[in-house]
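Notes for the structure review
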Amino acid sequence: MDHNDYVKAAYRSILRSDFAEAITLFEAAIAASPDDAEVRYRCSITYARSGMLDKALDHAAAARRLDHSKPEYQLHLQHLQAMQLVQEAKRLLEDEEALPGNPYHPVTLLKEAVSLDPLYGDAYVWLAIAHSRMNEHLQAIAVLKEVMSLHPDDDGLHLLMKDLQKSLQQYIQ
């Protein structure tokens, strides 16, 4: 099969919600045409949607290396890198024993995630949570206001804002 045939078959699999098969077909297309940046990009998207971030990052980086002319490749790669940083920060925040060495490390990771993808709402939410855990409630509220401007109708963000304001009041007293 030609690599385009594999890609067409992969899209048919996606339409059937068979992402595992789509990945297999994208990988076959890559094997048939390893220098096709667009196939790597599409494969990366499918891996990301399937929760396989490491593989998604590998293919996104390869697409970017192969073709620097398409900004969507760079934006996709940055979004995946931001997702990876958020995952690492979440792991650190959830693992109480990981923080004593450098309690500000999650904040640093999350600020980097926000700079890589300024539209990635989860990065802001976790940055607000990280600031709050460091008793930096004003910074947490400021970060949450930023994400609320991106998602003004998100009820969860409004509830989190109330919680942060309550935390600030308790910290002041």
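Below you will find a few notes about this structure. Think of each chain on its own: its residues are numbered from 1, step by step along the sequence as written. The predicted nature of this model means local features are confined to residues of pLDDT at least 70 and side-chain atom pairs, given and counted, to a pLDDT of 80 or more, with totals for whole chains, interfaces and linings taken over all residues. With hydrogens and water stripped out, all remaining heavy atoms of the structure feed into the side-chain values.

**Notes on the environment of Asp163**
Selection rule: Numbering of helices and strands runs from the N terminus, with a helix taken as a DSSP run of H or I at least four residues long and a strand as a DSSP run of E at least two residues long.
In this structure, Asp163 sits in helix 9 (residues 155–172). Once the C-alpha coordinates of Asp163 and Glu112 are considered, the two residues, 51 residues apart in sequence, prove to be 25 Å apart.

**Section: the packing of aromatic side chains**
Put simply, the rule is: Each Phe, Tyr or Trp ring (for Trp, its six-membered ring) is paired with any other whose centre lies within 6.5 Å, and the angle between the two planes then decides the class: stacked below 30 degrees, edge-to-face above 60, tilted in between.
Counted according to the given criterion, the structure contains two aromatic pairs. Each ring, one from Tyr11 and one from Phe26, has its centre 5.8 Å from the other, and the planes form 85°; the classification is edge-to-face. Note that Tyr11 is positioned in helix 1 (residues 3–15) and Phe26 in helix 2 (residues 19–32), a separation of 15 residues in sequence. Pairing Tyr41 with Tyr73 gives two aromatic rings, centres 4.8 Å apart and planes at 40°, and the pair type is tilted. Of the two residues, Tyr41 sits in helix 3 (residues 37–49) while Tyr73 sits in helix 5 (residues 71–94), which places them 32 residues apart along the sequence.

**Some thoughts on unusual backbone geometry**
Even without being a glycine, Ser17 presents a positive backbone phi close to 65°. As for its placement among the helices and strands, Ser17 is situated in the loop between helix 1 and helix 2.

**Observations regarding the pattern of salt bridges**
Where we set the bar: Here, a salt bridge means any Lys or Arg side-chain nitrogen found within 4 Å of an Asp or Glu carboxyl oxygen. A 1.4 Å probe rolled over the protein chains alone gives each residue an accessible area, and that area as a share of the maximum for its type sets the label: buried under 20%, exposed over 50%, partly exposed in between.
A complete count under the given rule lists four salt bridges for this structure. Across the pair Glu21 and Arg16 runs a salt bridge whose closest N-O atoms are separated by 3.1 Å. Here Glu38 makes a salt bridge to Arg42, at a shortest N to O gap of 2.8 Å. One end of the pair, Glu38, and the other, Arg42, are both in helix 3, four residues apart, so they sit about a helical turn from each other. Using a relative accessible area of 31% as the deciding quantity, one classes Arg42 as partly exposed.

**Quick word on helix 5**
Rule in force here: Here, expected helix span is obtained from the residue count minus one, scaled by 1.5 Å. For this analysis, residues touch if any pair of their heavy atoms sits within 4.5 Å.
The terminal C-alpha atoms of helix 5 lie 34 Å apart, and with 24 residues this matches the ideal 34 Å at 1.5 Å per residue to within 8%. Check the buried side of helix 5 and you find it contacts helix 3, helix 4 (53–66), helix 6 (105–116) and helix 7 (121–133).

**Considering the packing of helix 2 against helix 3**
The condition is simple: Only the contacting stretch of a helix is used when fitting its axis, a line to C-alpha atoms as for every element, and angles between N-to-C directions run 0 to 180 degrees. For classification, angles of less than 35 degrees are called roughly parallel, those exceeding 145 degrees roughly antiparallel, those between 65 and 115 degrees roughly perpendicular, and all remaining angles oblique. What makes a crossing left-handed is the near helix being turned counterclockwise from the far one by less than a right angle; a clockwise turn instead makes it right-handed. When residues are sorted by character, Ala, Val, Leu, Ile, Met, Phe, Trp, Tyr, Cys and Pro go into the nonpolar class, Asp, Glu, Lys and Arg into the charged class, and all the rest, Gly among them, into the polar class.
Running from amino to carboxyl end, helix 2 crosses helix 3 at an angle of 160°, the nearest separation of the two axes being 10 Å. Between helix 2 and helix 3, the crossing angle belongs to the class labelled roughly antiparallel. Where helix 2 crosses over helix 3, the two elements pack in a sense that is left-handed. Residues Phe19, Ala22, Ile23, Phe26, Glu27, Ala29 and Ile30 of helix 2 touch helix 3, and the partners they reach there are Val39, Arg40, Arg42, Cys43, Thr46 and Tyr47. Class assignment of the residues belonging to the contact of helix 2 with helix 3 gives a composition of nine nonpolar, one polar and three charged.

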